[in-house]
Amino acid sequence: MTVSVVVCAYTEDRWTDILAAVDSVRAQSRPALETLLVVDHNPALLDRLTREYKETVGVRVLANRGPRGLSAGRNTGIAASYGEIIAFLDDDAVAERDWLRWFVDGYADPRVLAVGGRTEPIWASGRRPAWFPEEFDWVVGCAYKGLPRGRAEVRNVLGGNASFRRTAFAAAGGFATGIGRDGDKRPLGCEETELCIRLSRARPDAVLLLDDRAVIHHRVPAARERFAYFRTRTYAEGLSKALVARSVGVDRGLESERAYTGRVLPAGVARGVRDFALGRAGGAGRAGAIVAGVAAAAGGYVLGSLRTRRGGSAAAFTVVEIDRGDALGEAA
């Protein structure tokens with residue numbers, strides 16, 4: 001099976017990271033058909049990357065053809081790609097050598113329409129902050145305590161380390177614009193969750209997998225190691241979940257979150273309290289961060305729900321139909 005890898009970039013501040021991401025794709029044990037670098041409305045970065053890779057076979061640099069934001073950038077990459085599988089890698093992450101091998105292995109079952117992997121943090125300070133709970137590693141775009149280990153069926157894959165069959169987008173459309181990240185603005189998310197639920201509705205027989213052997217390493221800058229970012233990101237997650245619930249319904253939109261908040265987080269608080277009682281560093285901070293994170297996310301969800309009911313701008317997002325005709329015609 002052929003694999004196209006899409007890397008979306010938006011700032012020259014990540015120049016070294018972008019080059020490292022591309023290098024990690026080119027070093028795969030299971031080679032990619034192509035790497036598509038999609039630049040989000042940044043002419044200077046577009047020009048610089050075009051010059052950097054003009055002589056590099058298998059790497060194409062494209063401008064985001066949709067509105068500003070990660071979802072439209074991914075849709076641009078999907079529409080321009082030729083592979084039977086489209087994989088997504090964050091621009092500040094590097095993939096381990098067998099990343100694509102494990103993705104492709106998952107598609108041996110024809111029912112599988114998406115395969116995600118495990119994302120490990122690279123902390124700017126060199127180590128996890130003592131107060132930062134593993135249960136909230138999704139705040140920094142990484143796998144978190146509570147996800148299944150090994151290979152398991154899941155409701156949704158995580159967007160920075162994920163792959164889909166091309167036919168998944170024919171069935172469900174592309175990523176919804178207006179729901180995920182937009183450069184350096186408020187750190188919204190959940191666009192991959194909304195897509196995966198929509199895909200499962202369009203194809204009830206679909207299987208979505210998480211394979212934690214497909215590993216990438218994601219850089220966490222110093223600013224995201226701070227509690228202020230933690231609070232902002234968890235609040236934004238609540239806003240995003242409200243949009244997802246509006247799109248696909250509360251039952252499906254919050255199905256995994258109920259199990260997470262009902263089992264994983266209380267256990268995390270208990271561990272933090274226990275560590276504090278035993279005099280271990282960071283125990284009280286981790287317990288407190290879990291409580292604060294839940295409160296912030298709940299507040300964002302309530303506000304986001306009120307906005308969507310009132311028909312405010314927070315409810316305005318669009319599911320994009322992917323026009324793949326030209327790319328598929330050329331590939332044939």
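We now turn to the structure provided with this report. (Residues numbered from 1 in each chain as written. Predicted model: local features only at pLDDT ≥ 70, side-chain atom pairs only at ≥ 80, totals over all residues. Heavy atoms only, no water.)

## Section: the pairing of strand β8 (residues 161-165)
Right, so step 1: Most of β8 is tucked away: five of the five residues are buried.
Right, so step 2: Sheet topology note: the strand β4 (residues 85-89)/β8 ladder contains five bridges and is antiparallel. In the sheet register, Ala87 faces β8, and the bridge partner there is Ser163.
Right, so step 3: Direction of pairing for strand β6 (residues 112-123) relative to β8: antiparallel, over a ladder of three bridges. In the sheet register, Val115 faces β8, and the bridge partner there is Ser163. (Buried < 20%, exposed > 50% of the residue type's maximum accessible area, 1.4 Å probe, protein only. Helix = DSSP H or I, 4+ residues; strand = E, 2+ residues; numbered from the N terminus. Pairing = 2+ DSSP bridges.)

## Side note on helix α1 (residues 15-26)
Right, so step 1: For α1, built from twelve residues, the straight-helix expectation of 16 Å at 1.5 Å per residue is met to within 8% by its first-to-last C-alpha distance of 17 Å.
Right, so step 2: Among all positions in α1, only Trp15, Asp17, Ile18, Leu19, Ala21, Val22, Ser24 and Val25 are buried. (Expected span 1.5 Å × (residues − 1).)

## Focus: the packing of aromatic side chains
Right, so step 1: In total, this model carries 16 aromatic pairs according to the counting rule given.
Right, so step 2: Here the aromatic rings of Trp131 and Phe132 are separated by 5.1 Å at their centres, their planes lie at 40°, and the arrangement is tilted.
Right, so step 3: Residue class for Phe132 comes out buried when judged on its relative accessible area of 0%.
Right, so step 4: Ring centres 5.5 Å apart and planes at 85° place the aromatic pair Trp131 and Phe230 in the edge-to-face group. Separated by 99 residues along the polypeptide, Trp131 in the loop between β6 and β7 (151-153) and Phe230 in helix α7 (residues 227-248) bring together distant segments of the chain.
Right, so step 5: Among the aromatic residues, those joined into a cluster by ring pairs are Trp123, Trp131, Phe132, Phe136, Trp138, Tyr144, Phe227, Phe230 and Tyr260.
Right, so step 6: For Arg101, the ring lying beneath its charged end belongs to Trp102, and the centroid distance is 4.2 Å. (Phe/Tyr/Trp six-rings, centres within 6.5 Å; stacked < 30°, edge-to-face > 60°. Lys NZ or Arg CZ within 6 Å of the ring centre and 35° of its normal.)

## So, the packing of α1 against helix α2 (residues 43-52)
The description of two helices packed together rests on the angle between their axes and the distance between the axes.
Right, so step 1: Running from N to C, α1 and α2 cross one another at 40°; their axes reach a closest spacing of 12 Å. On the basis of the axis angle, α1 is oblique to α2. Crossing of α1 against α2: the hand is right-handed. Every residue of α2 that contacts α1 at Trp15, Ile18 and Leu19 is listed here: Leu45, Arg48, Leu49 and Glu52.
Right, so step 2: Residues belonging to the contact of α1 with α2 are distributed by class as follows: five nonpolar, no polar and two charged. (Axes fitted to C-alpha atoms, helices over the stretch in contact; angles between N-to-C directions. Parallel < 35°, antiparallel > 145°, perpendicular 65-115°, else oblique. Left-handed = near helix turned anticlockwise from the far one by under 90°. Contact = heavy atoms within 4.5 Å. Nonpolar A, V, L, I, M, F, W, Y, C, P; charged D, E, K, R; others polar.)

## A look at the nonpolar core
Right, so step 1: Core analysis: the largest hydrophobic core is formed by 44 residues, its most contacted members being Phe88, Phe136, Val139, Phe164 and Phe169.
Right, so step 2: Here Phe136 is in contact with Phe230, Thr234, Tyr260, Leu265, Ile290, Gly293 and Val294, once residues within four sequence places are set aside.
Right, so step 3: Membership of the second largest hydrophobic core comes to 34 residues, among which are Ala9, Val25, Ala93 and Val115. (Core = buried A, V, L, I, M, F, W, Y, C linked by side-chain atoms within 4.5 Å.)

## Let's talk about helix α6 (residues 191-202)
Right, so step 1: Look at α6: 17 Å from first C-alpha to last across twelve residues, which is about the 16 Å you get at 1.5 Å a residue.
Right, so step 2: Turning to α6, its buried residues are Glu191, Glu192, Thr193, Glu194, Leu195, Cys196, Ile197, Arg198, Leu199 and Ser200.

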